[in-house]
Amino acid sequence: MSALSTRVQAAINLTNPDIAIRRMTQDDLPQVKAIDQISFNMPWPDSAYHYELNENPLSLLWVAEQKTPTDAGSPPGLPRIVGMIVVWMILDEAHIATIAVHPDYRNQGIARQLLAQALITAIERGANQATLEVRAGNIAAQKLYQRFRFAVVGNRPRYYKDNHEDALIMTVSQFDKTYADGLQSGTWNNGCPNQE
Ligand SMILES: CC(C)(COP(=O)(O)OP(=O)(O)OC[C@H]1O[C@@H](n2cnc3c(N)ncnc32)[C@H](O)[C@@H]1OP(=O)(O)O)[C@@H](O)C(=O)NCCC(=O)NCCS
């Protein structure tokens, strides 16, 4: 692990010491798909995570793993996976493709930890834009993104096929090393990153 990654991990772990953020592996896929199924009205197709993990060179994937061993909710011998994030690196843009936390583990700062790790890594890899789409009615997710200084810059009317809900397009206006430093320092834990 690089010195920078060590510092990032230290800041992230301040939030919930029983959660480790690490890259997704093949063994994680059944639990990741289960979280996807329980979290979204329109889950990704069954093969999607396998494709993102093994075949899509643009994809970066992390999971949140519970460090304390538990028999509940995970296959024998495997750690409990409680959340995941997928980011597509499209040229200089980091696009948040999906993020979800198991319902039993929400409101503990785990999505914040996942998003911080993903955004810092995207900046380290040269991204200077961050974008995402979110349902107009998904207030919890919008609040999460607002904490990370995402702001609404547009919308796609009737974008979602299940209920014809609008998609809001959100971006971060200043997505750079200063922003990453705010995440690394952990100040995002008490408010928006870099908030004066
Ligand atoms: C959105 C989601 C990922 C948040 O995960 P989480 O681990 O519970 O979020 P965190 O505990 O890290 O919360 C971070 C911030 O998000 C916001 N937030 C999270 N849940 C919220 C809720 N139910 N209502 C309002 N704000 C909420 C808050 O601003 C919170 O900051 P705070 O703790 O200072 O109040 C989770 O609710 C989820 O998996 N939802 C279903 C999937 C989904 O909608 N994904 C987003 C697709 S765009």
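Up top you'll find the structure we're talking about.
Summary of the structure given here.

Rules and cut-offs
- Along each chain, the written sequence defines residue order, and numbers are assigned to residues from 1.
- Reporting in this predicted model follows two pLDDT cut-offs: at least 70 for local features of residues, and 80 or more for side-chain atom pairs to be given and counted; totals over whole chains, interfaces and linings ignore these cut-offs and use all residues.
- Going along the chain from the N terminus, every DSSP run of H or I of four or more residues is numbered as a helix, and every run of E of two or more is numbered as a strand.
- Partly exposed residues are those falling between the two cut-offs: more than 12 but fewer than 20 other C-beta atoms within 10 Å of their own, whereas 20 or more means buried and 12 or fewer means exposed, with C-beta atoms placed from the backbone.
- Residue pairs qualify as contacts under a 7 Å threshold applied to their C-beta atoms, which are placed from the backbone.
- In short, DSSP must find at least two bridges between two strands for them to pair.
- In this analysis a residue is considered near a molecule or strand if the C-beta atom, reconstructed from its backbone, is found within 6 Å of that molecule or strand.
- Where helices are involved, their axes are fitted lines through C-alpha atoms of the stretch in contact, as for all axes, and angles between N-to-C directions lie from 0 to 180°.
- By the definition used in this description, the sense in which the near helix is turned from the far one sets the handedness, with an anticlockwise turn below a right angle giving left-handed and a clockwise turn giving right-handed.

Focus on the overall build of the protein
- A count of helical and extended segments in the protein gives six helices and seven strands.
- Starting at the N terminus and ending at the C terminus, the protein contains elements arranged as α-β-α-α-β-β-β-α-β-α-β-β-α.
- Going through the 196 residues of the protein one by one, you find that 35% of them count as buried.
- Relative to all contacts within the protein whose residues are 6 or more apart in sequence, the contacts with residues 24 or more apart total 62%.

Describing the pairing of strand 7 (residues 167-172)
- Where burial is concerned, the two faces of strand 7 differ: the one with Leu 168, Met 170 and Val 172 is buried and the one with Ala 167, Ile 169 and Thr 171 is not.
- With five bridges joining them, strand 5 (residues 129-135) and strand 7 adopt antiparallel strand pairing. Pairing of Val 134 across the sheet is with Leu 168, part of strand 7.
- In this sheet, strand 7 lies alongside strand 6 (residues 150-156) in antiparallel orientation, the contact comprising six bridges. Counterpart to Ala 151 in the pairing with strand 7 is Thr 171.

A few points about the site of the ligand
- Arg 106, Ala 111, Ala 140, Lys 143 and Leu 144 are the nearest of the 20 residues found near the ligand.
- Looking at the shell around the ligand, the elements with two or more residues in it are strand 4 (93-101), helix 4 (110-124) and helix 5 (139-147).
- Considering each element in turn, the shell around the ligand owes the most residues, six residues, to helix 5.

As for the sheet that holds strand 4
- The strand order across the open sheet formed by seven strands is 1-2-3-4-5-7-6, and the pairing between neighbours is mixed. Two strands close off the open sheet at either side, each with one partner strand: strand 1 (19-23) and strand 6. The average undirected angle you get between the axes of adjacent strands in this sheet is 25 degrees.
- Seen against the sheet, helix 2 (residues 29-39) touches strand 2 (59-66), strand 3 (81-90) and strand 4 and runs at an angle of roughly 90 degrees to strand 3.

Regarding the environment of Asp 46
- Checked against the element boundaries, Asp 46 lands in the loop between helix 2 and helix 3 (48-54).
- Judged by the 11 C-beta atoms lying within 10 Å of it, Asp 46 is exposed.

Section: the packing of helix 4 against helix 6 (residues 177-185)
- Interaxial distance between helix 4 and helix 6 falls to 10 Å at its minimum, and their mutual angle equals 145 degrees. Considering the relative orientation of helix 4 and helix 6, their crossing is left-handed. Here Ala 116, Leu 119, Ile 120 and Ile 123 of helix 4 come into contact with helix 6, specifically with Lys 177, Tyr 179, Ala 180, Leu 183 and Gln 184.

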